[in-house]
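Working through the structure, step by step
For reference, the chains in residue letters:
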Amino acid sequence: MTWVGKSALRKEGDSKLRGQAKYIDDISLSGMMHGITVRSPIARGLLKKIEYLPGVNWDEFITVTAKDIPGNNYVALIKKDQPYLVDEKINHPEEPILLLAHSNKHILEKARSLIKFHIESLPPVFTLEEAIKQDPIIWGTNNTFKSYAIDRGDVESAFKDAHILLEGTYETGAQEQLYIEPNGVIAIANEKEGVTIWGSMQCPYYVHKALVPLFNLPPEKIRVVQAETGGGFGGKEEYPSVISGHAALLSWKAKRPVKIIYDRMEDMVATTKRHPSKTRIKTAFDKNHKLIALDIDFTIDGGAYATLSSVVLSRGTLHASGPYFSSNIKIRSRALATNTPPHGAFRGFGAPQSLFAIEKHMEFCARELKLDPVKFRKLNFIKHGEILGCGQLVKEKIKLNSVVEKALIESDFHKKRKAFVKTNKNSPIKKGIGLAVFMHGAGFTGSGETFLASIAAVKATPEGKIEILTSNTEIGQGTNTIFSQMAADALNIDFSDIEVVQPDTAHVPNSGPTVASRTCMIVGKLVEQASKDLKQKLISAQLLKEKYTRKEFISACKKYIKEIGELKGSSQYKAPSHIVWDEQKYQGDAYGTYAWAAYVAETSTDTRTFETTVDKFWAVQEVGKVINPLLAKGQIIGGVAQGIGYALYEEVIWKEGRMANNKMSNYIMPTTLDVPEIEVHFLELPYSYGGGGSKGLGELPLDGPSPAILNAMEHALKITLRQIPMTPEKLMAQMEEINK
Amino acid sequence: MRAYLPDYSFHRAKTLTEAFSQLEAGAKPFAGGTDIMVLLDAGALPPDNYFDILAIKELQGIRSTKKALSLGALTTYSEIRNHKLIQSNFPILCASAREVGAIAIQNRGTIGGNIANSSPAADLPPGLLVYEAQINLISKRGLRTLDYTKFHLGYKKNELQKDELIHSITLKPEFQKHHHFWRKVGSRRSQAISKTMIAALAKVNRKRIEDIRIALGSVAPTAVRCLEVETFLKGKILSPSTILEAKKILSRDLHPIDDIRSTGKYRLIVSQNMLEEFLCGIG
Ligand SMILES: Cc1cc2nc3c(=O)[nH]c(=O)nc-3n(C[C@H](O)[C@H](O)[C@H](O)COP(=O)(O)OP(=O)(O)OC[C@H]3O[C@@H](n4cnc5c(N)ncnc54)[C@H](O)[C@@H]3O)c2cc1C
């Protein structure tokens, strides 16, 4: 029996269901203190003095400021610009200045209110426009974290020869990840034992990398363990390095374990969000409506520090031309600095922003050209043998047309498109149906995977069970289950014979971060290869034949361990020869492969209240081999719900660079009543370099819903909509504009 | 939890007498706690002494006589939703209770708390205004009854004195021949604070409006009866131009503001559109 392709039950499902799974706040260590972070009230300035007002006995508190840092005061990631604690310069609201610990969690809140910061304020930058003006300069020499340029063909002359030119500007807002469990860690840090962290996180080795310079300790003195994690969505990719460092600094000074758990308000106001973006697109078409030139200007707001913005920008840039072919392409992109908390990783990582722009633009062009939006798209789709915007030749077979056809048939697209126009006439509620077509490259961009050089291992236990050792985390998306399925098949044993070891940098190799759907596609493949490596050892030791039963395998493992010793297989990533990326020229095979998708949204807009609801949603995608259909479907459904939030509901309201609506009652995430039935269909075209034949699928449902939903609203309302979230207030303003 | 708990105290009052002495000592009533706990969690509740009133019999339950229905201050949204007589006589109250928060809040939140909290965005007041409810307040000094229209004085301000509790709400079932209309516009379908809401009643005889009452919430410092519009519409036969005029007049009764949830302009236009929806439905 094979396990890949079956809906095996979640490995950790039972303990989660019974409430036995231990999340970080369920853990308590003896002598443990609680820590809090006291943060900047303003966006930009110079810290002059910290005053401790009377009202508590300050001697009972552990206080940590930048001066207490034993090593280097920066959060090691890509650049070294972000301090753990403000030394003098404050660059965003809620920036950490002071850490407090006490054994009574509640008195900390009282102490927090008795801290007074004396700050000399400096002029801040809050918008992309202000950042571009460079008045003032708040980061580097020009407020720019990173910029990219892509040039192919001759855009200028294509524009001259064009039959028609069309231009539009598109904007997307910030979005909060809203994992169920807020950020939290426990640290034990002292000179003798070094630093140990247990926490809710996606990437233990990122935390590890950050703590080494913070404490100036050798890497083996730092240990990071992932506790059960209640969701991440990218929000626990880089941020846990910050909170872990803070807890460790307090523990270092207190010489006792310290726990820091953010409450929802702190998590929302102080941690990362999706990068807001602005994209200007100019397109040229010939008289047959073929796209002949594409000029894209893509800008994202990175917040106050560089963090991952350069990589987010890269993915956004490389996806900016969508699934369309044009022989002339010019793309300029940049990530800019503003005095808001740094924006960071969030499911899709830059692609939802640029794909929103191109898919909205193509819809706009179809309407301007008076063409059927489906036919128009098909005319311009990238084909096998053509070159994508990033310069990548499409070498593999693609099923884009079949994906689109399936979406159209399942949703009855053409019929509804006609019917709604009629029924809308006499109703205050206008129905629409809209399509978005897109692709998403899984795994790290360009040579990223080569640099990571991830390692995965499998190990036999004396009982004949197989343990999987990777640093990839289970954060609700199914890591444990799919790894077990892949290993079971590679070893030809049972799913129940496999156990996934808790990610702990003291015991697991660095298989890279849990991001970008690379866990399934890249690390899954490594798990398979490591399994085969282990099997080969048994065969070489003549304890196993090429063909064997499960029983034979188990006894061979036991025998090997008894007679020879440790039985372990491992595998390290090597880029397949078909992937060639030129970092200097910034072009080539940006991704090993792409998943392709067509999403359809059916919406109703009440023209009396300007409220839009999504009535039904169809998500059709080709994702390579589907490893676990139930988990895969769950990923898509959950993601589409998050995408609906991104499109219509979730608006971060900024006041002086600070999120003003940092509560779940005023940051509006859709509820079950706001999310419709979501139909999920998979097409499979196994990718031979992906674990079990998989590509990635986790990001697709954040890419597609917003353009599909706005396209449906445009169909219903006959207006052009170019920004998300399209809240009722914004829709009303747009409709008024048009009626003027 | 951002509050420092030792700064607060909490007792349970089992009888009205106990409650009165708590009030006398300066303590504050705590019913379902669904407004109070939000503030406490955010560290926005001033340290104080609280007393739980949930066990006080006199404040519990729905009582009906031929002439009136009395809703004890501790009546929950769920009790309102499920009550046969409220469903048939005061459907706006059922409809609005059904849209408060979600089930857990409906099981816990009380009508007394909703009224005493005096938020302009509270969902029950517009319905109580159009049904011309009476509110009964109790203290050591005795029971006093007010027209509900007189109760709310301004943003988070009301007639309740320091020594008083809300005792109950009295409703007279005299609207069998009326059209009842309720619409809440929040930011999503559940767990939503209203951006604007309308409760409206009308009795129409041969197309002529004999009686009409309109109240809106979230568009002024308190829920408001739209008396100017009512006066204008009374006795009229509805036509597109009367509706247009009514929408214009409505803007005089409202003072919506921009806040974190919406804009004043949106609230005004949508309120006008809801009025139109109501009027189109009765014409
Ligand atoms: C998740 C959530 C969703 C919500 N959604 C809505 C919604 O959709 N619509 C809406 O209108 N509200 C909503 N609320 C607010 C709240 O649930 C209601 O206002 C509720 O009716 C308050 O009643 P309570 O018994 O819980 O009041 P409490 O919190 O116990 O008290 C509120 C105030 O009233 C005072 N008080 C209570 N009872 C009396 C009394 N008998 N006499 C004098 N003073 C008294 C208290 O001292 C306090 O000041 C929501 C709250 C939450 C937490």
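Small disclaimer: the values here were computed from a predicted structure and weren't measured.

Before going further, it helps to examine the nonpolar core. Judged by nonpolar contacts, the single largest core of 144 residues is most densely connected at Tyr599(A), Ile709(A), Ile214(B), Leu216(B), Leu233(B), Phe278(B) and Leu279(B). Tallying contributions element by element places helix α9 (residues 351-368) of chain A first for this core, with 9 residues. In this view, Ile709(A) contacts Ala601(A), Thr603(A), Val614(A), Phe617(A), Ile644(A), Ala647(A) and Leu648(A); residues no more than four positions away in its chain are not counted. Counting residues in each nonpolar core, the second largest holds 39 residues, with Ala8(A), Ile466(A), Ile493(A) and Ala530(A) among its members.

The strand order across the open sheet built from 3 strands is β4-β2-β6 (chain A), with neighbouring strands paired in antiparallel fashion. What marks the edges here is a single partner per strand, and that holds for β4 (89-90) and β6 (115-121) of chain A.

A few words now on the domain arrangement of chain A. Residues and elements named next belong to chain A. Domain assignment breaks chain A into domain 1 (13-21 + 448-572), domain 2 (31-122 + 177-270) and domain 3 (277-390 + 398-445 + 586-738). The centre of domain 1, based on its C-alpha atoms, is set 36 Å off from the matching centre of domain 3. At the boundary of domain 1 with domain 3, total buried surface from both sides reaches about 1500 Å², with 61% on carbon and sulfur atoms. For the pair domain 1 and domain 3, the interface holds 0 salt bridges. The interface formed by domain 1 and domain 3 holds 11 residue pairs in polar contact (both at pLDDT 80 or more) in total. Among the secondary structure elements, those contributing two or more residues to the side of domain 1 that touches domain 3 are α13 (448-452), α14 (479-491) and α15 (518-540). The element contributing the most residues to the side of domain 1 that touches domain 3 is α15, with 7 residues. Its residues placed into classes, the side of domain 1 that touches domain 3 shows 9 nonpolar, 8 polar and 4 charged.

Right, let's talk about the site of the ligand for a bit. Residues and elements named next belong to chain B. In the vicinity of the ligand there are 31 residues, among which Pro 29, Thr 34, Asp 35, Tyr 77 and Thr 110 approach most closely. Taking Ala 31, its main chain carries an N or O atom lying 2.8 Å from an oxygen atom of the ligand. In the model, an oxygen atom of the ligand is placed 2.6 Å from a nitrogen or oxygen of the Thr 110 side chain. Relative to its free-state accessible area of 980 Å², the ligand is covered by the protein chains to the extent of 87%. In terms of residue count, the dominant contributor to the shell around the ligand is helix α7 (residues 111-117) (5 residues).

Turning our attention to the interface of chain B and chain A. Facing the 26 residues of chain B at the interface are 31 residues of chain A. When residues of chain B are sorted by the area they lose upon contact with chain A, Arg2(B), Arg188(B) and Ile260(B) head the list and together hold 28% of the total. The tally of links between chain B and chain A comes to 7 salt bridges. Along the contact surface separating chain B from chain A lie 13 residue pairs in polar contact (both at pLDDT 80 or more). Broken down by secondary-structure element, the contributors of at least two residues to the side of chain B that touches chain A are β11 (179-185) and α11 (264-282) of chain B. With 6 residues, the single largest contributor to the side of chain B that touches chain A is α11(B). In the side of chain B that touches chain A, the residues fall into 10 nonpolar, 6 polar and 10 charged.

Asp135(A) connects to Pro136(A) through a cis peptide bond whose omega is 5°. Its location among the elements puts Pro136(A) in the loop between α3 (128-133) and β7 (144-152). For Phe610(A), which is not glycine, the phi dihedral falls at a positive 65°. Relative to the elements of secondary structure, Phe610(A) occurs in the loop between β23 (594-606) and β24 (611-622). Accessibility expressed as a relative area gives 8% for Phe610(A), which makes it buried. Here the phi dihedral of Lys207(B) falls at roughly 70°; this positive angle occurs in a residue that is not glycine. Mapping Lys207(B) onto the fold places it in the loop between β12 (196-205) and β13 (208-217).

Attention shifts here to the packing of aromatic side chains. Residue and element names in this part refer to chain A. For the structure shown, the criterion picks out 22 aromatic pairs over all chains. Between Tyr 52 and Trp 58 the ring centres are 5.0 Å apart and the planes differ by 75°, which places this aromatic pair in the edge-to-face class. For Tyr 52, a relative accessible area of 33% corresponds to the partly exposed category. Overall, Trp 58 belongs to the buried group, its relative accessible area being 17%. With a centroid separation of 5.5 Å and 55° between ring planes, the pair formed by Phe 285 and Phe 376 is classed as tilted. Residue Phe 285 is found in strand β13 (residues 277-285), and its partner Phe 376 is found in helix α10 (residues 373-380); the two are separated by 91 residues along the sequence. An aromatic cluster is present here, built from Tyr 52, Trp 58 and Phe 61 joined pairwise through their rings. Seen from the ring of Tyr 646, Arg 274 lies directly overhead, with NZ or CZ sitting 4.8 Å from the centre.

Here we take up the side chain of Gln22(B). Mapped onto the elements of the fold, Gln22(B) is located in helix α1 (residues 16-24). Once residues within four sequence positions are removed from consideration, Gln22(B) is found in contact with His11(B), Ala27(B) and Phe51(B).

Further remarks concern helix α5 (residues 204-215) of chain A. Residues and elements named next belong to chain A. Taking 1.5 Å per residue, 12 residues should reach 16 Å; α5 reaches 17 Å between its end C-alpha atoms and fits that length. Summarising burial for α5: 11 of the 12 residues are buried, a large majority. Taken together, the buried positions of α5 are occupied by Pro 204, Tyr 205, Tyr 206, Val 207, His 208, Ala 210, Leu 211, Val 212, Pro 213, Leu 214 and Phe 215. Elements in contact with the buried residues of α5: β10 (194-199), β11 (222-226) and α6 (240-254). Phi turns positive, to about 50°, at Asn 216, one or two residues after α5.

Another aspect to go through is the environment of Gln82(A). Residues and elements named next belong to chain A. Considering the arrangement of structural elements, one finds Gln 82 in the loop between β3 (62-64) and β4. In this structure, the C-alpha to C-alpha distance between Gln 82 and His 681, residues 599 residues apart in sequence, is 43 Å. In contact with Gln 82, other than residues within four places in its own chain, are Asn 73, Tyr 74, Val 75, Val 242, Tyr 305, Thr 307 and Pro 342.

Okay, the state of the cysteines next. As enumerated under the stated definition, the model contains 0 disulfides over all chains in all. Looking at Cys520(A), it has no disulfide partner, and the nearest cysteine sulfur is the one in Cys203(A), 16 Å off. For the unlinked cysteine Cys226(B), the closest cysteine sulfur is that of Cys280(B), found at 17 Å. Residue classification places Cys226(B) among the buried positions, given a relative accessible area of 0%.

Here we take up the pairing of strand β10 (residues 165-171) of chain B. Walk down a regular strand and you will see the side chains alternate between the two sheet faces. Residue and element names in this part refer to chain B. Most of β10 sits out of view: 7 of its 7 residues are buried. Pairing geometry for strand β6 (residues 134-139) and β10, over 5 bridges, is antiparallel. Along β10, the bridge assignment pairs Gln 134 with Thr 170.

Below, the discussion takes up a positive patch on the surface. All names here are of chain A. Residues Lys 418, Lys 422, Lys 425 and Lys 718 make up a contiguous surface patch of positive charge. Among the structural elements, Lys 422 can be located in helix α12 (residues 413-424). For Lys 422, a relative accessible area of 65% translates into the label exposed.

This part takes up the domain arrangement of chain B. Residues and elements named next belong to chain B. Domain assignment breaks chain B into domain 1 (5-47), domain 2 (58-171) and domain 3 (187-282). Put simply, the middle of domain 2 and the middle of domain 3, counted by C-alpha atoms, are 22 Å apart. Contacts between the two partners involve 19 residues from domain 2 and, on the opposite side, 20 residues from domain 3. Each partner contributes to the roughly 1500 Å² buried at the junction of domain 2 and domain 3, and carbon and sulfur atoms together form 64% of this total. For domain 2, the biggest contributors to the area lost against domain 3 are Pro 120, Pro 126 and Val 130; these three give 33% of the whole.

Thresholds, definitions, all that
- Residues numbered from 1 in each chain as written.
- Chains lettered and ligands numbered in written order.
- Predicted model: local features only at pLDDT ≥ 70, side-chain atom pairs only at ≥ 80, totals over all residues.
- Heavy atoms only, no water.
- Core = buried A, V, L, I, M, F, W, Y, C linked by side-chain atoms within 4.5 Å.
- Buried < 20%, exposed > 50% of the residue type's maximum accessible area, 1.4 Å probe, protein only.
- Helix = DSSP H or I, 4+ residues; strand = E, 2+ residues; numbered from the N terminus.
- Contact = heavy atoms within 4.5 Å.
- Pairing = 2+ DSSP bridges.
- Domains from an automatic or database assignment.
- Buried area = accessible area lost by both parts, 1.4 Å probe.
- Salt bridge = Lys/Arg side-chain N within 4 Å of Asp/Glu carboxyl O.
- Polar contact = N/O pair within 3.5 Å; in protein donor to acceptor, adjacent residues only side chain to side chain.
- Nonpolar A, V, L, I, M, F, W, Y, C, P; charged D, E, K, R; others polar.
- Near = heavy atom within 4 Å.
- Areas by Shrake-Rupley, 256 points an atom, 1.4 Å probe, with all protein chains shown as cover.
- Phe/Tyr/Trp six-rings, centres within 6.5 Å; stacked < 30°, edge-to-face > 60°.
- Lys NZ or Arg CZ within 6 Å of the ring centre and 35° of its normal.
- Expected span 1.5 Å × (residues − 1).
- Disulfide = S-S within 2.5 Å.
- Patch = residues over 30% accessible without salt bridge, like charges linked within 9 Å, V, L, I, M, F, W, Y side chains within 5 Å.
- Lys, Arg positive; Asp, Glu negative; His and termini not counted.
- Charge placed at Lys NZ, Arg CZ, Asp CG, Glu CD.

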